[in-house]
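Analysis of the macromolecular model
Spelled out, the chains give:
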Amino acid sequence: MPSFSDLLRVFGRIGLLSFGGPAAQIGLMHQELVDRSGWLKEKEFLGALSFCMLLPGPEAMQLATFCGWKLRGTLGGVIAGSLFVLPGAALIFSLVAGYAAFGDLPLVASAFLGVKAAVVAIIVQALLGLSRKVLTNRTNAAVALASFAALYSSILPFPAVIVLAAALGFVLSRQSATPDLDTSRNHVANPWRQTVTAVVVWGLLWLAPVVFAVSAGGFLKDIALFFSQLAVVTFGGAYAVLAYMVQAVVQDFGWLTTDQMMDALGLAETTPGPLILVTQFVATLAGQLQGGASLALTAGLLALWCTFIPCFLWIFAGAPHVSRILSNPRLSSALTLISAAVLGVIANLSLWFTLNLLFAETTSSPIGALPVLASFDPIAGVLTVAAIFAMLKLRLPLLVVLALSTVVAMTLCLLYAHFLRW
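Residues numbered from 1 in each chain as written. Predicted model: local features only at pLDDT ≥ 70, side-chain atom pairs only at ≥ 80, totals over all residues. Heavy atoms only, no water.

**Digging into the environment of Leu326**
In plain terms, the rule: A helix here means a DSSP run of H or I that spans at least four residues, while a strand means a run of E at least two residues long, and both kinds are numbered starting from the N terminus.
Tracing the chain through its elements places Leu326 in helix H14 (residues 322-326). Separated by 278 residues in sequence, Leu326 and Ala48 have C-alpha atoms that sit 9.6 Å apart.

**Let's talk about the side chain of Thr65**
Note the threshold: Here, residues are in contact when the closest pair of their heavy atoms is within 4.5 Å.
As for its placement among the helices and strands, Thr65 is situated in helix H4 (residues 59-102). Leaving out residues up to four positions away in the same chain, Thr65 has contacts with Gly77, Ala80, Gly81, Phe312, Ile315 and Phe316.

**Things to note about helix H15 (residues 329-358)**
Here is the rule we go by: Helices are assigned an expected span. That span is 1.5 Å times one less than the residue count. Working definition: with a 1.4 Å probe on protein chains only, accessible area under 20% of the residue-type maximum means buried, over 50% means exposed, and in between means partly exposed.
With 30 residues, H15 extends 44 Å from end C-alpha to end C-alpha; this agrees with the ideal 44 Å at 1.5 Å per step. Where burial is concerned, most of H15 is hidden: 22 out of the 30 residues are buried.

**Topic: the packing of aromatic side chains**
Threshold: Note on ring pairs: Phe, Tyr and Trp rings are taken, using the six-membered ring of Trp, and paired if centres are within 6.5 Å. Classes follow the plane angle, with under 30 degrees stacked, over 60 edge-to-face and the rest tilted. Geometrically, a charge over a ring is one whose NZ (Lys) or CZ (Arg) sits within 6 Å of the ring centre while staying within 35 degrees of the ring normal.
Tallied over the entire structure, the rule returns 14 aromatic pairs. Their ring planes at 90 degrees and their centres at 5.9 Å tell us that Trp206 and Trp314 sit as a pair that is edge-to-face. With a gap of 108 residues between them, Trp206 in helix H8 (residues 191-216) and Trp314 in helix H13 (residues 293-318) connect regions that are remote in the sequence. Between Phe226 and Phe227, the aromatic rings sit 5.1 Å apart at their centres with planes inclined by 65 degrees, giving edge-to-face as the arrangement. A network of ring pairs unites the aromatic residues Phe219, Phe226, Phe227, Phe253 and Trp255 as a single cluster. A cation over an aromatic ring shows up here: Arg72 above the ring of Phe4, its NZ or CZ 4.1 Å from the ring centre.

**Focus: helix H16 (residues 378-392)**
The first and last C-alpha atoms of H16 sit 21 Å apart over 15 residues, in line with the 21 Å expected at 1.5 Å per residue. Those residues of H16 not exposed but buried are Ile379, Ala380, Gly381, Leu383, Thr384, Ala387, Ala390 and Met391.

**Thoughts on the packing of H8 against H13**
Short version of the rule: To obtain an axis, a line is fitted to C-alpha atoms, over the contacting stretch when the element is a helix, and the angle between two such axes runs from 0 to 180 degrees between their N-to-C directions. These descriptions rest on fixed angle ranges, namely under 35 degrees for roughly parallel, over 145 for roughly antiparallel, 65 to 115 for roughly perpendicular, and the rest for oblique.
Two elements in contact, H8 and H13, have axes whose closest approach is 8 Å; the angle formed by their N-to-C orientations is 170 degrees. By the angle between their axes, H8 is roughly antiparallel relative to H13. Residues Gln194, Thr195, Ala198, Val199, Trp202, Gly203, Leu205, Trp206, Pro209, Val210 and Ala213 of H8 form the contact with H13, whose own contacting residues are Leu302, Trp305, Cys306, Ile309, Pro310, Phe312, Leu313, Trp314, Phe316 and Ala317.

**Concerning the nonpolar core**
Burial of nonpolar side chains together is a common tendency in soluble globular proteins. As a reminder of what qualifies: Nonpolar cores are built from buried Ala, Val, Leu, Ile, Met, Phe, Trp, Tyr and Cys residues. Side-chain atoms within 4.5 Å join them into one set.
Counting residues in each nonpolar core, the largest one holds 141 residues, and the members touching the most others are Met29, Leu63, Phe66, Phe227, Met245, Trp255 and Val282. With sequence-adjacent residues up to four places away left out, Val282 is seen in contact with Phe227, Met245, Val249, Leu256, Met261 and Ala264.

The structure is reproduced here in structure tokens:
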């Protein structure tokens, strides 16, 4: 069993180096916890990952929390989960301050055009990667297509799509063998007592600032309630919930513009830690625009709290029951169809981002937004194609694609401005 100082050292390193999204972050944890230190066995790690994929919220952060809990109990889980989040959270506050101060400058705006092109490429890569895992039969394909159609045409909201997919999975479930996952070290004395304790303690921690914000009313009330709701429905990771968040933040609340939301996602991609930190960026920037630096800091901290405290609740309440949870075929079937629905959600997000990047204007229709072809931006088109080629064909690292897209966008915009003057 590692000491707490070892836990701080290893998870601190993971938190600082966890760039590149969930797949890269999970690979880094596997390297540190299974290959390098030998603290966990291969099957233990896979069992932990399977459990975290059943939960709402960022699976990589929850995996770190679960591994910390397995190694050193609740305190170990708090240390591991917190260290996974805090480096990126600190950087997000700095990025928002810089964006608010300099984001409107022409050269900076051109740089963000490159960031947005890279974001489209990143989402397309995530879409293709998930489709290879999910589209294994006609049922999954039908659920993915129905999910996309329901969201793009605004027939159903994101939470309803997830709930219906899970319910269909339960109905269609078939008895299957228990996965070959080692959960022997998950056995704990008095598991239900630990679960009740976790629900009470972490539930109260979650609710305390929410109650305060609701009593204050106004902007902070909306922040607390909205991001608390997101914490419950974020199955499938950050890309899945972004489409829902974009609609609420841009259309319902009017906190940010579409361009600002795209910039927020691009900047969140450059930080270590879970991509769901984009919620902190959105809340902080909205607070800055609503009332200045003080409100920005309060809103950002509140969004962080309402996003990640529930993750500790899910982990510490469910961890004592992992063996029983993973052996339930109905849950496995529900998770499969949730993953199929999430594929449709990400497809919706990908199309939305692409249309808003490539076309200055869109029109509404019964089937969803349609582009105004005359408003096509050729520079954005070139950047997007180049970024997708770099990600999918050249297989360049995420941060390299972001950097190259930014530099190329700035160069093209400067050349275009020089050509107009000439």
